[in-house]
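# Working through the structure, step by step
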Amino acid sequence: MLRIATALGVLVAVVAAIVQVTSYALLGSVAAQPSVPALFTAAWPFDLFADTGLARVPAVRRELARAALLRGEPARAATLLDGAGTGDAAEDLRGRLAAATNDPGDAVQHFGRAGDIVQARVLIDAIAERDPAGALRLAVAFDRATARRDVPAAVIAQSDWHEGELAAAVAAQSPATSAALVRESLAKYEAAAHLDPTQDAYGLSVGFEAIVAGDAARSRDAYAHVAAVDPQSVDAVTGLAVADALTGACGPARDAFARAQALATHNQRTLDPAASGYGIAAQEALRRCLAPEPPR
Amino acid sequence: MNLLARAAAIAWFFLAIGCYTLLAPIDGPSSIGAPVLSRSAAIVLAASLVIAALVAAASLRAALDDDGVRTARPVLGLWLGALIVAGIFSVLPGRSWSFLALAILSAAGSLALVRWWRVPVVARALVRTYLWGGLVLVAVALLMDVTHRPESVYAANLGRATGLFVTPNQFAAWLVPFLATASGVALAARTRGLRLLAAGGALLAAIDLAATFSLGGWLGGCAALLAALWWLGRRRVAALGALIAVALVAIAIVNPAVVRHRQSERFVRFDAIRAGMHMAALFPLTGVGPLAYPRAYPLVRVPSSTEDAAIAEHPHDVTISLLAETGLAGLAAIVAGWILAGRAIVRGFSRATPQTRTLIACIAAGIAGRFVHGFVDLVGALELAYVWFPFAALLIALARDGIAPEVL
């Protein structure tokens, strides 16, 4: 019995050692220099897997393609990804390959199918710095691609929210198309808030953008929802004050603003207790409501 | 060396090493949590821990052949060996070896604990320092939670109790063994003062644990309670506790908001565990090295995970974390170490006094509870070096030498 156990243990150790050395060869470049794994970095596993026929196994092809991308060999990666399956991992690697070959449109499609918002954001944010409208187009493409796959709701919510942010940023830069973009931004924020009601940021964005869109009642609903989930949220209560002021409900607006000021002293998450980030019309409405009533 | 200095060093080492997550601000700003301690305070705490461990280690010079040390040596040797071998093959050797230096100090401090535990002054200092230090930590945490101060910490953690720790989960992980140990001392104490101190600490710790809203911590607390009741012969009550634990899990799955968790955190653990298993499959023999997980994480991140999982320090499961960091070789050595430690503890348990049995059962239950918390959290290498080393040493010492009557 002991001999069998020892033999099994040795066999497992030998197999594990072979797998580990192969991983070092393929992926050793992720290791810091100097280190033992980095010393083993080599190309021999590509030939070995091809010669033994193991490279026909989709899971092996994916790992080899990942290694090829890591080594900066996109041509080899492209060959390996042909026949590497259609799951999340394969789609994600195709997205990385497209990004490496400067094809962001194709990359976001693949990232969308894989549900990889992290890689998509890296790509889209880099483009947004010089071309917000182009970045918005990519975000829309990513969002559409996620709809075709079983991507987790929290990822879709994050995608919607970022798309809303990009649409709002483009709207601020292009007055000619701003009304449509503001509506688009608001719709995306609402979709995110619907998918993940526990994220304050989504509800706050709905509230703010609804005011930009001129819909104070919708804004009030959104802020009221955030304040119900998180009664300590100064920004939600300030937003309530602004929305009330815009609908002419000065009493509730004054109460909400006073509550926001009191909360603000206890809450360092506060972004804008004075409501100075809202548009001129909103600030003016709030100022009118907060002005002392003339003596009768 | 002065016996009092030795006692103080071992006692401080045992208290401070268990609070290792308090040292996180030393690494600078982090994407998780809102640290309460400043970087300077964390450095002072780390320095005091290193000095205490060095003093404790110095006391071992002429004691390596001591019977107690001989019992603990193979256990700690196997565990330290697992970390060192994984460190040699680490993908991030600088970080692994910085940690290994501290792990070696932790092993030395733990061996000193085993050697000097039978001296009543040392055991007395350790028990009281741990209870008083713990009482301060749990009282401060409760005060912070009730007063919502500091506001940034309260708000960042959705009102979950964190105390001086960085995240509610880290606090809960520390609370479980403290709660179990304090309960054990309260049950075993002979003097009123010690019983009050231990019971007060346990009570506040239980309130704090509830206020962390840490699901892993709650499960760990339930598991610790079950294990203690089981080992102390109260098996029907233990079965009732199991039902409560199942109810807690059900609540969390049905509605994360009830337990103050964000929707986006709901499946984060599953993705993290999947990534950890992928890492273990790529580097199966010796892993990626202690604390080197983040370096290789981009290779294994699950594509459809949320933005919260863009980076990861560990796979949020202590066993998979050990497997990914130290490989099959490391995990085998760690299991072998626990088997050796378990044998020594069970041997001592069967012939111990009722007080010692109570203490062993409660402390072991605390570690078992923390291990259950580790199903959804905790970094394997840190857990091994900073929690299992000292607590296994304490259990071995208790099982071997019992506890002097004057300590309780």
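Note that the structure is a prediction, hence the values are computed from the model and not measured.

### Points about the overall build of chain A
Looking only at helices and strands, one finds 16 helices and zero strands in chain A. For 296 residues, the compact-globule estimate of 2.2 N^0.38 gives 19 Å, and chain A exceeds it by more than 25% at 27 Å. Considered along the principal axes of its C-alpha atoms, chain A spans approximately 100 × 50 × 35 Å. Counting only residues that meet the buried cut, chain A has 47% of its 296 residues in that class.

### Quick notes on the overall build of chain B
Helices and strands together make up the secondary structure of chain B, namely 15 helices and zero strands. Relative to the globule expectation of 22 Å for 408 residues, the C-alpha radius of gyration of chain B, 20 Å, shows essentially globular dimensions. Taking the principal axes of the C-alpha coordinates as reference, chain B spans close to 55 × 45 × 45 Å. A buried classification covers 59% of the 408 residues belonging to chain B.

### What about the environment of Ala17(A)?
Along the chain, the position of Ala17(A) falls in helix α1 (residues 2-27). Remark: the alpha-carbon pair of Ala17(A) and Glu91(A), spanning 74 residues in sequence, is separated by 30 Å.

### What to know about the confidence of the model for chain B
Per-residue confidence for chain B gives a mean pLDDT of 88; residues scoring 70 or more make up 92%. Taken over the whole predicted complex, pTM reads 0.85, whereas the ipTM for its chain interfaces reads 0.84.

### Quick look at the interface of chain B and chain A
Each partner contributes to the interface: chain B provides 32 residues, whereas chain A provides 36 residues. Looking at the side of chain B that touches chain A, the elements with two or more residues in it are α4 (93-116), α6 (151-156), α12 (293-296) and α13 (318-350) of chain B.

### Overview of the packing of helix α14 (residues 234-246) of chain A against helix α15 (residues 250-264) of chain A
Residue and element names in this part refer to chain A. At their nearest, the axes of α14 and α15 sit 8 Å apart, and the two run at 160 degrees to each other. In terms of axis orientation, α14 runs roughly antiparallel to α15. Seen along the crossing, α14 lies across α15 with a hand that is left-handed. Each of Val-234, Val-237, Thr-238, Leu-240, Ala-241, Asp-244 and Ala-245 in α14 lies in contact with α15, whose residues at this interface are Cys-250, Pro-252, Ala-253, Ala-256, Phe-257, Arg-259, Ala-260, Leu-263 and Ala-264. Looking at the contact of α14 with α15 residue by residue, the class counts come to 13 nonpolar, one polar and two charged.

### A closer look at the nonpolar core
Taken as a class, soluble globular proteins show a tendency for nonpolar side chains to be buried jointly. Core analysis: the biggest nonpolar cluster contains 243 residues, and Ala241(A), Ile10(B), Phe13(B), Trp79(B), Leu395(B) and Ile396(B) have the highest contact counts within it. With 17 residues, the top contributor of residues to this core is helix α15 (residues 380-401) of chain B. Once residues lying within four places of it in the same chain are set aside, the contact partners of Leu395(B) are Ile345(B), Ile360(B), Ile363(B) and Ala364(B).

### Notes on unusual backbone geometry
Trans is the common state for peptide bonds, and a negative phi is the common state for residues other than glycine. Here the amide bond leading from Gln33(A) into Pro34(A) is cis, since omega sits at -5 degrees, within 30 degrees of zero. Position of Pro34(A) among the secondary structure elements: in the loop between α1 and α2 (36-39). Phi angles above zero are rare outside glycine, and Phe213(B) is one such case at about 50 degrees. The residue Phe213(B) is located in the loop between α8 (192-212) and α9 (215-231) in this model.

### Overview of the environment of Phe371(B)
Here Phe371(B) is to be found in helix α14 (residues 354-373). C-alpha separation for the pair Phe371(B) and Leu209(B), spaced 162 residues apart in sequence, amounts to 16 Å.

### Concerning the packing of helix α5 (residues 74-81) of chain A against helix α6 (residues 88-100) of chain A
When two helices pack together, their arrangement is given by the angle between the helix axes and the distance between those axes. Residues and elements named next belong to chain A. Close contact between α5 and α6 brings their axes to 10 Å; oriented N to C, the two are set at 150 degrees. Comparing the axis directions of α5 and α6 gives the class roughly antiparallel. Read as a crossing pair, α5 and α6 show a hand that is left-handed. Residues Pro-74, Ala-77, Ala-78 and Leu-81 of α5 pack against Ala-90, Leu-93, Arg-94, Leu-97 and Ala-100 of α6. The residue inventory of the contact of α5 with α6, partitioned by class, reads eight nonpolar, no polar and one charged.

### Describing α14(A)
Taking 1.5 Å as the rise per residue, α14(A) with 13 residues should run 18 Å; its terminal C-alpha atoms sit 18 Å apart, in good agreement. At the exit of α14(A) stands Gly248(A), carrying a positive phi of roughly 85 degrees.

### A look at the environment of Ala242(B)
Inspection of the secondary structure assignment puts Ala242(B) in helix α10 (residues 235-254). Residues Ala242(B) and Ala57(B), spaced 185 residues apart in sequence, show a C-alpha to C-alpha distance of 41 Å.

Quick notes on the rules
- Residues numbered from 1 in each chain as written.
- Chains lettered and ligands numbered in written order.
- Predicted model: local features only at pLDDT ≥ 70, side-chain atom pairs only at ≥ 80, totals over all residues.
- Helix = DSSP H or I, 4+ residues; strand = E, 2+ residues; numbered from the N terminus.
- Rg over C-alpha atoms; globule rule 2.2 N^0.38 Å.
- Buried ≥ 20, exposed ≤ 12 C-beta atoms within 10 Å, placed from the backbone.
- pLDDT = per-residue confidence, 0-100.
- Contact = placed C-beta atoms within 7 Å.
- Axes fitted to C-alpha atoms, helices over the stretch in contact; angles between N-to-C directions.
- Parallel < 35°, antiparallel > 145°, perpendicular 65-115°, else oblique.
- Left-handed = near helix turned anticlockwise from the far one by under 90°.
- Nonpolar A, V, L, I, M, F, W, Y, C, P; charged D, E, K, R; others polar.
- Core = buried A, V, L, I, M, F, W, Y, C linked by C-beta atoms within 7 Å.
- Expected span 1.5 Å × (residues − 1).

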